Amino acid sequence: MSKSSGTDLFERLTLWVARSLEKRPSICDVHLSHLPPAQRHQLVTWEQRNSCLLPDDLKHFYLTSDGLLLRWSVKLDENSMPVGRMEINSITDVKKLAGEKPSTTSNNGLEMIDYDSEEEDNVCDHPHFDQRSCVFELDPCDGHGKVCLVYKDTKPGTAAPRIPEVWFLDRALRWHFLAPTFTHYFRLMLMHLGLPQWQYVFTDIGLTPQAKQWFNMYAPERALVSGELGIDPDSHTTGPIPTIKLDAAKVFKNKTERKVKSGTQQSQKRRLASAAKPLSGHPGSRSAVSTSSAKLR
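Student: Can you tell me about helix H5 (residues 182–191), naming the residues and giving the values?
Tutor: Of all the residues in H5, the buried ones are Phe 182, Tyr 185, Phe 186, Leu 188, Met 189 and Leu 190. Remark: Leu 193 follows H5 within two positions and exhibits a positive phi of approximately 60 degrees.

Student: Would you mind going over the packing of aromatic side chains in detail, with residue names and values included?
Tutor: Two descriptors summarise a pair of aromatic rings, namely the distance from one centre to the other and the angle between the planes of the rings. A complete count under the given rule lists 13 aromatic pairs for this structure. Judged by centre distance (5.4 Å) and plane angle (55 degrees), the rings of Phe 61 and Phe 182 are tilted. Of this pair, Phe 61 sits in helix H4 (residues 56–64) while Phe 182 sits in helix H5, placing them 121 residues apart in sequence. Of the residues examined, Phe 61 reaches a relative accessible area of 5% and is grouped as buried. Among the residues examined, Phe 182 registers a relative accessible area of 4% and is labelled buried. Here the aromatic cluster, defined as three or more aromatic residues joined through ring pairs, consists of Phe 61, Tyr 62, Phe 182 and Phe 186.

Student: Give me the lowdown on unusual backbone geometry, citing residues and values where you can.
Tutor: One non-glycine residue, Asp 29, lies in positive phi territory at about 55 degrees. With respect to the helices, strands and loops of the structure, Asp 29 is situated in strand E1 (residues 27–32). Since its relative accessible area comes to 52%, Asp 29 is described here as exposed. Its identity is not glycine, yet Gln 197 carries a phi of approximately 60 degrees, on the positive side. Assignment of secondary structure puts Gln 197 in the loop between H5 and helix H6 (209–218). Since its relative accessible area comes to 17%, Gln 197 is described here as buried.

Student: Any details on the environment of Leu 173? Residues and values, ideally.
Tutor: Mapped onto the secondary structure, Leu 173 falls in the loop between strand E7 (165–170) and strand E8 (175–179). Judged by its relative accessible area of 34%, Leu 173 is partly exposed.

Student: If you had to explain the sheet that holds E1 to someone new, which residues and values would you point to?
Tutor: Here we have three strands laid out as an open sheet, ordered E1-E2-E3, and antiparallel in their pairing. Only two strands of the sheet have a single neighbouring strand rather than two, namely E1 and strand E3 (79–88). For this sheet the average axis-to-axis angle between neighbouring strands, irrespective of direction, equals 15 degrees. Judged from the four bridges that link them, E1 and strand E2 (residues 68–76) form a sheet pairing that is antiparallel. Its bridge partner lying in E2, Cys 28 is registered against Ser 73. The strands touched by H6 within the sheet are E1, E2 and E3, with E2 carrying the most contacts at an inclination of about 90 degrees.

Student: Tell me what's going on with the packing of helix H3 (residues 40–50) against H4, and back it up with residues and numbers.
Tutor: At a minimum axis separation of 10 Å, H3 and H4 run at an interaxial angle of 140 degrees. If you check the angle between H3 and H4, you find them oblique. At the point where H3 passes H4, the crossing takes the right-handed sense. Residues Arg 40, Leu 43 and Glu 47 of H3 lie in contact with H4, whose contacting residues are Lys 59, Tyr 62 and Leu 63. Taken together, the residues of the contact of H3 with H4 sort by class into three nonpolar, no polar and three charged.

Conventions adopted
Residues numbered from 1 in each chain as written. Predicted model: local features only at pLDDT ≥ 70, side-chain atom pairs only at ≥ 80, totals over all residues. Heavy atoms only, no water. Buried < 20%, exposed > 50% of the residue type's maximum accessible area, 1.4 Å probe, protein only. Helix = DSSP H or I, 4+ residues; strand = E, 2+ residues; numbered from the N terminus. Phe/Tyr/Trp six-rings, centres within 6.5 Å; stacked < 30°, edge-to-face > 60°. Pairing = 2+ DSSP bridges. Axes fitted to C-alpha atoms, helices over the stretch in contact; angles between N-to-C directions. Contact = heavy atoms within 4.5 Å. Parallel < 35°, antiparallel > 145°, perpendicular 65-115°, else oblique. Left-handed = near helix turned anticlockwise from the far one by under 90°. Nonpolar A, V, L, I, M, F, W, Y, C, P; charged D, E, K, R; others polar.

Here's what the structure looks like:
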């Protein structure tokens, strides 16, 4: 594959978001890494090792590019500061975070957080760290949390569900739903331009003051939706995001009516004033008539 065709492929894969970023004010150093596609045997090996089938959309993504990394900076005075980052792990780095049977020899111990007895009624819809879910890391989020591929309702000895969901695990080890499929998540990531901590828009924690400033500069519509319209972060709806539509004719209706009324009143006053004003110096005026009468006498 030539360099030009590879560049075009990656730009189409990311919906030309890199070109859009380059046109925005103060953004610089937009870098989209060109990663080679994963081999099919790598995907098969991953599925066999983890007893999980990759969804078709994610499999097609990895057969096109073995991961994704797009970074961009903002120029401040004479220096540039890294701000945006979009990342998806390569297939070899999609590691299992949870889904093992609790044991004293486990390294991470995450499964001990919500491990309960088998007799307990499982009414929670969020992922678990024990055998009830299989969790894999998609994006390390630069240390602010983890975006995870989650297979829910798994059972030992059986294959995991074919279509996993995408969830966000914050630093307090709390789960927040992001998207029902990888394709939905990928579009969501591009929509937020890889802004810092953008996943927290879908949590009850919210954005930090610094992150809000970046949103106001480069994604004000997303800040408006998350801050003023109040999206429910635990909602699993995937419908269109509500927007505010303004009708200029209705908004400025009162002002237009005032201008028309004031203009009509002023024109009426001018006509009344001109009708009542004496025509001084005119032959038909009152002074001219009185002078003519005096001369005739």
